[in-house]
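A look at the structure
Next come the chains, spelled out residue by residue.
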Amino acid sequence: MVTSVMPTYGRIDIAFERGEGPYLYTADGRRYLDFAAGIATNSLGHCHPHLVQALQEQAAKLWHVSNLYNITEQQRLADRLVASSFADTVFFCNSGAEALEGSTKVARRYHFHNGQPNRTRIVCCTHSFHGRTLGMLSATDKEAYREGFGPRVQGFSHVAFGNLNEMRAAMDDDVAAILVEPVQGEGGVNAASLDYLRALREIADEFGVLLIFDEVQCGAGRTGKLWAYEWSGVAPDILASAKGLGGGFPVGAVLASEKAASGMKPGLHGSTFGGNPLAMAAANAVLDVLLEPGFMERVDQVARYMWNQLLPLTTRHPDVIEDVRGAGLLLGLKLRSPNGEMMTRLRDDHKLLTVVAAENVLRLLPPLTIDKTHVDEAVAALDAAAAGVARHAA
Ligand SMILES: *Cc1c(COP(=O)(O)O)cnc(C)c1O
């Protein structure tokens, strides 16, 4: 008999009752260090006092009015995102996939508006993950996600991540945009080189196509800068954000330059919930913290510390851990032993929560608010779990 919750997830049999900072607690009092953070979503940990207060205050005032009216909190968040990014304009939605659907529509409409309606194809990368809507299933490079779900949505193609020759060769006159994650999350925690990102900007300009960065996972502070693209010194034309932006409240956003959004006008895109006062209060509260002077520098410092603590594990446990990869606090350990087994050991034996990724990678996505003591706690757990795996194999 089917479960009342549709069985779309392989769930771990554990339920949390409350959270505080980087820790989660079960009803029977077990405490876990959360280096999954709702898959890079609880960017400020659990129950951050500033977020709790902002949501409680907003909840007592106004939840939802629809985009028929001006929404003060939405205007404020848009102004702040514009002021702190390349973007001139922002569309709000509720998830990452929706932010990418919106990004695709903005890009296609740009070319339509400029007399090139044939420019519709989005060139994506291998190992990409862009979400589960029918459209984004075609952008995501994973055949298993598409099987049995009908005809593929047209207009998406793939080239090897990191390969500029392939990207250049794909630039036919039907291309609307290049879509890349500056740091791939689900696909195995692969950080694009900064030179690659810069070269993508050049290729986009040379061939008159738009550049879209999917920062749903790597944006909103996760790499130690507010936006991952900032490390490269070049900006995209369109950026999709979600996950960490709402700190656990569903918020997605399409950030665009004035030029890229030039084809958009009232009536062309919309979302009932997108940008509602409650969601905007959450995201504004997240931004309050991310934009505090020194906050990003602290994320960068703790991320570098974590990288340096993780690296020795590869020499201590060469049969278990192959390498450390990623950027900022989007880190991965490429394993030689099964990543699922490691995740289970860490959780059950060492009370550390992690997430798996493709290519047998174990993903480490702590809240951005952690300090060195949390890193030390996690690294000790990883060290012990890796030793356990090695013993088990011997
Ligand atoms: C999670 C994710 C998405 C999809 O976001 P949803 O909110 O699950 O729709 C898209 N792109 C990237 C890079 C992601 O990590």
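Residues numbered from 1 in each chain as written. Predicted model: local features only at pLDDT ≥ 70, side-chain atom pairs only at ≥ 80, totals over all residues. Heavy atoms only, no water.

**Details of the sheet that holds strand β17 (residues 361-364)**
Short version of the rule: Note: two strands are recorded as paired if DSSP finds a minimum of 2 bridges between them. The helix and strand labels rest on DSSP assignments: H or I over at least four residues marks a helix, E over at least two residues marks a strand, and numbering proceeds from the N terminus. Every angle, taken between N-to-C directions, lies between 0 and 180 degrees, and every axis is a line fitted to C-alpha atoms, over only the stretch in contact when it is a helix.
Ordered by their spatial adjacency, four strands build an open sheet running β13-β14-β17-β16, and the pairing between neighbours is antiparallel. At either end of the open sheet lies a strand with only one pairing partner, and these are β13 (321-327) and β16 (355-357). For this sheet the average axis-to-axis angle between neighbouring strands, irrespective of direction, equals 30°. Judged from the six bridges that link them, β13 and strand β14 (residues 330-335) form a sheet pairing that is antiparallel. Its bridge partner lying in β14, Ala327 is registered against Leu330.

**Regarding the site of the ligand**
Applicable threshold: Summary of the distance rule: residues count as near a molecule or strand when at least one heavy atom falls within 4 Å of that molecule or strand. Whenever two N or O atoms come within 3.5 Å, that pair is a polar contact, provided that in protein one can donate a hydrogen and the other can accept it, and provided that, for residues adjacent in sequence, both atoms are side-chain atoms. Computed by Shrake-Rupley with a 1.4 Å probe, the accessible areas treat only the displayed protein chains as cover when residues are assessed. Asp, Glu, Lys and Arg are counted as charged, while Ala, Val, Leu, Ile, Met, Phe, Trp, Tyr, Cys and Pro are counted as nonpolar; the rest, among them Gly, fall into the polar class.
The environment of the ligand is made up of Ser95, Gly96, Ala97, Leu100, Phe129, His130, Gly131, Glu181, Asp214, Val216, Gln217 and Lys243. Within the contact set of the ligand, an oxygen atom lies 2.8 Å away from a backbone nitrogen or oxygen of Gly96. A distance of 3.1 Å is found between a nitrogen atom of the ligand and a backbone nitrogen or oxygen belonging to Phe129. The protein chains hide 82% of the 380 Å² of surface that the ligand would expose on its own. The leading source of residues in the shell around the ligand is helix α4 (residues 96-113), at three residues. Split into classes, the residues belonging to the shell around the ligand amount to four nonpolar, five polar and three charged.

**Details of the domain arrangement of the chain**
Filter applied, for reference: The domain limits used here are those given by an automatic or database domain assignment. Contact definition: two residues touch when any of their heavy atoms are within 4.5 Å. Throughout, the accessible surface (probe 1.4 Å) given up by two parts as they are put together, summed over both, is called the buried area.
Splitting the chain by domain gives domain 1 (18-48 + 293-393) and domain 2 (49-290). Computed over C-alpha atoms only, the centres of domain 1 and domain 2 are separated by 27 Å. Between domain 1 and domain 2, the contact holds 30 residues from the first and 30 residues from the second. By the criterion of area lost to domain 2, the three top residues of domain 1 are His48, Met296 and Leu330, representing 27% of everything that side buries.

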